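Residue-level listing of the chains:
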Amino acid sequence: MTAPRPVELDPVDGPLVTIGVPCFNSERFVEAAVRSLMTQDHGAIEILVADNASTDSTLDIVGRLAEEDPRIRILTSEHNRGASWNFNRLVTAASGTHFAWTASDDLRPPDFVSASLEALAARPDAVLCSSRTVDIDEDGTELHVYPRLAESLGDDPVVRFAESVFGHLECFPVFGLMPMAALRRTQGIGSFSSSDRVLLSELALLGPSVLVARPLLERRQHAGRSMRLLPKERDRHAWFEPEGANRVAFPRWRILERYLDMVRRAELGAVERIRCLGVVARWGWDFKKLLAGDAYYGARARLRSLRARRRGAAPVGQPA
């Protein structure tokens, strides 16, 4: 991992903001994504690009952009260690007091950072600022504007936790701006599907979130998006954690484990902790069929693995 280094900044007032761009074979859209960050009207930014062993021209493109703008820093890897690792190392390497992820195919309007900082300043205890989201096509043409999300401004951490566990169907807020002090108190992006939703729930226990009503995220829809390329759960698990691709995943059980762990670690009163456990219990009841399915398919996969080892064959993972 590349160690943080001093970042050359434009002479503007305000905190240093790190924007992390995780990449893998992103040559089609990464230049547009990074250039949308280079043109932010808040100049005190650091742009971290984490390349996860791309085999196309991604590194060449980003390297050329770094020659234009000294605020760009590139993290490389000799082999692909998965999306979870690539997302989280951006947080570890960041120098800023605030942080946001941006996908390597998405765009940000010029006031993304300044508008988000303004909203956070109005609510000093907030741990996240998100915004409305726009879908664009491969040429940047607007396709759809998503409805306004609800702000989680309440002082009750249990209510915020419940809203996060059962809301954020698209998990857009994970690409919002976060104070680094809050983000580093979480466990980051887990190596399992829906870990972005789990991170949002962990943040909700730490503090409220605020919303900028206008779109500050332009999400590009194209055939190469990971969710389109990886419709099967086992394939998505391998995307998050390639080294664990052949292990039985138990994705819903891992979500349940994280929920229980974050409630255990949160700074809550006894009554609040019990209420949060009630939220987790409700989630478990709502997802009982999927939890049972994980257990059933996981047990079958384990049994097949044991039989394969006895026959000297390679073990198999959980069926999708």
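Structure: above.
Description of the structure in this document. These figures come from a predicted structure and were not determined experimentally.

Tallying secondary structure elements over the chain gives 12 helices and 8 strands in all. Residue burial in the chain is summarised as follows: out of 320 residues, 53% are buried. Restricting the contact set of the chain to residue pairs at least 6 apart, pairs at least 24 apart contribute 79%. In the form shown here, the chain has an accessible surface area of approximately 15,200 Å², with 54% of it arising from carbon and sulfur atoms.

What follows concerns the packing of aromatic side chains. Tallying each qualifying case throughout the model produces 6 aromatic pairs. When the ring of Phe99 is compared with that of Trp101, the centres are 5.3 Å apart and the planes differ by 85°; the resulting orientation is edge-to-face. Trp101 gets classed as buried once you look at its relative accessible area, which sits at 1%. Relative to Tyr259, the ring of Phe161 has its centre 6.0 Å away and its plane inclined at 90°; by these criteria the two rings are edge-to-face. Of this pair, Phe161 sits in helix α5 (residues 157-166) while Tyr259 sits in helix α10 (residues 251-265), and the two are 98 residues apart along the sequence. A single burial state applies to Phe161 and to Tyr259, both of which are buried. Of the aromatic side chains, those joined through ring pairs into one cluster are Phe161, Tyr259, Trp283 and Phe287. Above the plane of the ring of Trp285 lies Lys288, whose end atom (NZ or CZ) is 4.0 Å from the centre.

Within the secondary structure, Arg123 sits in the loop between α4 (112-122) and β5 (128-136). It is 8.6 Å that separates the C-alpha atoms of Arg123 and Ser209, two residues lying 86 residues apart in sequence. Not counting residues up to four positions away in its chain, the partners in contact with Arg123 are Leu153, Asp155, Pro208 and Val210.

Helix α11 (residues 270-286) packs onto α10 with a crossing angle of 175° between their chain directions and a minimal axis gap of 10 Å. With respect to α11, the axis of α10 lies roughly antiparallel. Taking contact as the criterion, the partners of Arg252, Ile255, Leu256, Tyr259, Leu260, Val263, Arg264 and Arg265 in α10 are, on α11, Arg273, Cys276, Leu277, Val280 and Trp283. A class-by-class count of the residues in the contact of α10 with α11 yields 9 nonpolar, no polar and 4 charged.

Moving on: the side chain of Glu46. Looking at the element boundaries, Glu46 is found in strand β2 (residues 45-51). Looking at Glu46, its side chain comes within polar contact range of the side chain of Arg73, at 2.6 Å. A distance of 3.0 Å separates a polar side-chain atom of Glu46 from the backbone nitrogen of Ser95.

Rules of the game
Residues numbered from 1 in each chain as written. Predicted model: local features only at pLDDT ≥ 70, side-chain atom pairs only at ≥ 80, totals over all residues. Heavy atoms only, no water. Helix = DSSP H or I, 4+ residues; strand = E, 2+ residues; numbered from the N terminus. Buried < 20%, exposed > 50% of the residue type's maximum accessible area, 1.4 Å probe, protein only. Contact = heavy atoms within 4.5 Å. Areas by Shrake-Rupley, 256 points an atom, 1.4 Å probe, with all protein chains shown as cover. Phe/Tyr/Trp six-rings, centres within 6.5 Å; stacked < 30°, edge-to-face > 60°. Lys NZ or Arg CZ within 6 Å of the ring centre and 35° of its normal. Axes fitted to C-alpha atoms, helices over the stretch in contact; angles between N-to-C directions. Parallel < 35°, antiparallel > 145°, perpendicular 65-115°, else oblique. Nonpolar A, V, L, I, M, F, W, Y, C, P; charged D, E, K, R; others polar. Polar contact = N/O pair within 3.5 Å; in protein donor to acceptor, adjacent residues only side chain to side chain.

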